[in-house]
Amino acid sequence: MKHVEKILLSKYVDKEIEDEKTKNEIKRHLNVCNYCMDIYNSYININSLIKNYDIKSDENPYLAFVQKKVKLSNSMKTNFRFSLSFGITLALIFLISFSLTLFATKRNVDFTKRVSTSVVDMSFDNFFSEDYSSVVSTVNFDK
Amino acid sequence: MEKNNLNDEILIENFLKGDESSFKIIFERYYEKVNRIVYSYTKNYDDAKDVTQEIFLKVYESLKSFKKKSKFSTWIYRISVNMSISFLRKKSKEKNLFSIDEVGDIEERVEEDEPSYDRKLAEKILFELPENQRLAFILSQKEGKRYKEIAQILNVSEKAVESLIYRARENIKNFLEKNKIM
Ligand SMILES: [Zn+2]
């Protein structure tokens, strides 16, 4: 007599065999074969043994969950506040240094402008006072 | 209709509309199931408790993104499996970093009432099994999941689930015979 494959028996115990013909064949075989019936029974016994697997849970896990959630949201708020104040401080530092740089540059430009203006003025003065007048006078003389 | 009798999907819809009490029902419906799955990985009561809380925080935050492609139970079990595995990885890294010998050992649970002989035996037997066999078997026998759903949770084929459960049964049978328990 050909026995039922053990993996098929395991599926049969779990009611995972969909094919009606196979199911009926196994059922008929179990009625006449002690060897397969023993295996089937041992699988059933294992199932009932494993059903006892459990772990004791806490008194009120939901309360613990809510507390954890509140704690997390508070720390997120604190983090947000910290990031916000850090960002504002950074922005202020940037603004102040930017304004200072701008001010300094402007002053520098004014100074350079003043210096260069005076240099230009001086050269114009020189130009008009000496060279140009000499040129003019030369031209005049030539004419 | 009594709120407790509503199915997961309706409770989720209500929660997303702002009803916090619907989440409480989901929490209470799944806490022990998730805790059992996590414990089957961590083998440590306190770690299991912490990881389970983290899982529910994750579920609370990501329910908006739950696409309903699978059943909610499949989705939450998948998160449980993934988070348990990453917890173990993280713990194992820390163990390597600090060389603490006791990390990962099965910790004796401190319980006021001693667990029954059957409960202790069931735990002993399950922890003798390789991880995937143990989880597939718990999902099937304790949580009543079909092979198809277990396959989705463990991200393996249905054939693989068939084989995992069969091998789990055979290993348990051998263990019981060797120890003359059954
Ligand atoms: Zn037979």
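In this text the structure is predicted, and so the values were computed from the model without any measurement.

The rules behind each value
Residues numbered from 1 in each chain as written. Chains lettered and ligands numbered in written order. Predicted model: local features only at pLDDT ≥ 70, side-chain atom pairs only at ≥ 80, totals over all residues. Heavy atoms only, no water. Contact = heavy atoms within 4.5 Å. Buried area = accessible area lost by both parts, 1.4 Å probe. Salt bridge = Lys/Arg side-chain N within 4 Å of Asp/Glu carboxyl O. Polar contact = N/O pair within 3.5 Å; in protein donor to acceptor, adjacent residues only side chain to side chain. Helix = DSSP H or I, 4+ residues; strand = E, 2+ residues; numbered from the N terminus. Nonpolar A, V, L, I, M, F, W, Y, C, P; charged D, E, K, R; others polar. UniProt positions renumbered as here; feature names shortened; annotations may be inferred. Buried < 20%, exposed > 50% of the residue type's maximum accessible area, 1.4 Å probe, protein only.

Enquirer: Report on the interface of chain B and chain A, specifying residues and quantitative values.
Expert: If you look at the interface, chain B gives 46 residues, while chain A gives 29 residues. Carbon and sulfur atoms make up 62% of the surface buried where chain B meets chain A, a total of about 4,000 Å² over both sides. Counting across the interface, chain B meets chain A through 7 salt bridges. Two residues, Lys68 of chain A and Glu54 of chain B, come together in a salt bridge whose shortest N-O distance is 3.1 Å. Joining chain B to chain A, the criterion identifies 20 residue pairs in polar contact (both at pLDDT 80 or more). Listing elements by their share of the side of chain B that touches chain A, those giving two or more residues are helix H2 (20-42), helix H3 (45-62), helix H5 (117-128), helix H6 (131-142) and helix H8 (158-178) of chain B. Among the elements that take part in the side of chain B that touches chain A, H2 of chain B stands out by supplying 11 residues, more than any other. Partitioning the side of chain B that touches chain A into residue classes produces 20 nonpolar, 6 polar and 20 charged.

Enquirer: I'd like a rundown of the UniProt feature "domain: RNA polymerase sigma factor 70 region 4 type" (unreviewed entry) in chain B, residues and numbers included.
Expert: UniProt annotation of "domain: RNA polymerase sigma factor 70 region 4 type" (unreviewed entry) refers to residues 125-171 of chain B when read in the numbering used here. Taken as a whole, residues 125-171 of chain B contains 81% helix and 0% strand, while its terminal C-alpha atoms sit 9 Å from one another.

Enquirer: Tell me about the environment of Leu84 of chain A, and name the residues and values.
Expert: With respect to the helices and strands, the residue Leu84 of chain A is situated in helix H4 (residues 61-142). Here the alpha-carbon distance between Leu84 of chain A and Ser10 of chain A, two residues 74 residues apart in the chain, equals 61 Å.

Enquirer: Requested: an account of the side chain of Gln133 of chain B, with residues and values cited.
Expert: All names here are of chain B. Within the fold, Gln133 resides in helix H6. Gln133 gets classed as buried once you look at its relative accessible area, which sits at 5%. A polar atom in the side chain of Gln133 sits 3.5 Å from the backbone nitrogen of Ala168. Within the structure, Gln133 has its side chain in polar contact with the side chain of Asn171 (distance 2.7 Å). The contacts of Gln133, once residues within four sequence positions are left out, are Leu164, Arg167, Ala168 and Asn171.

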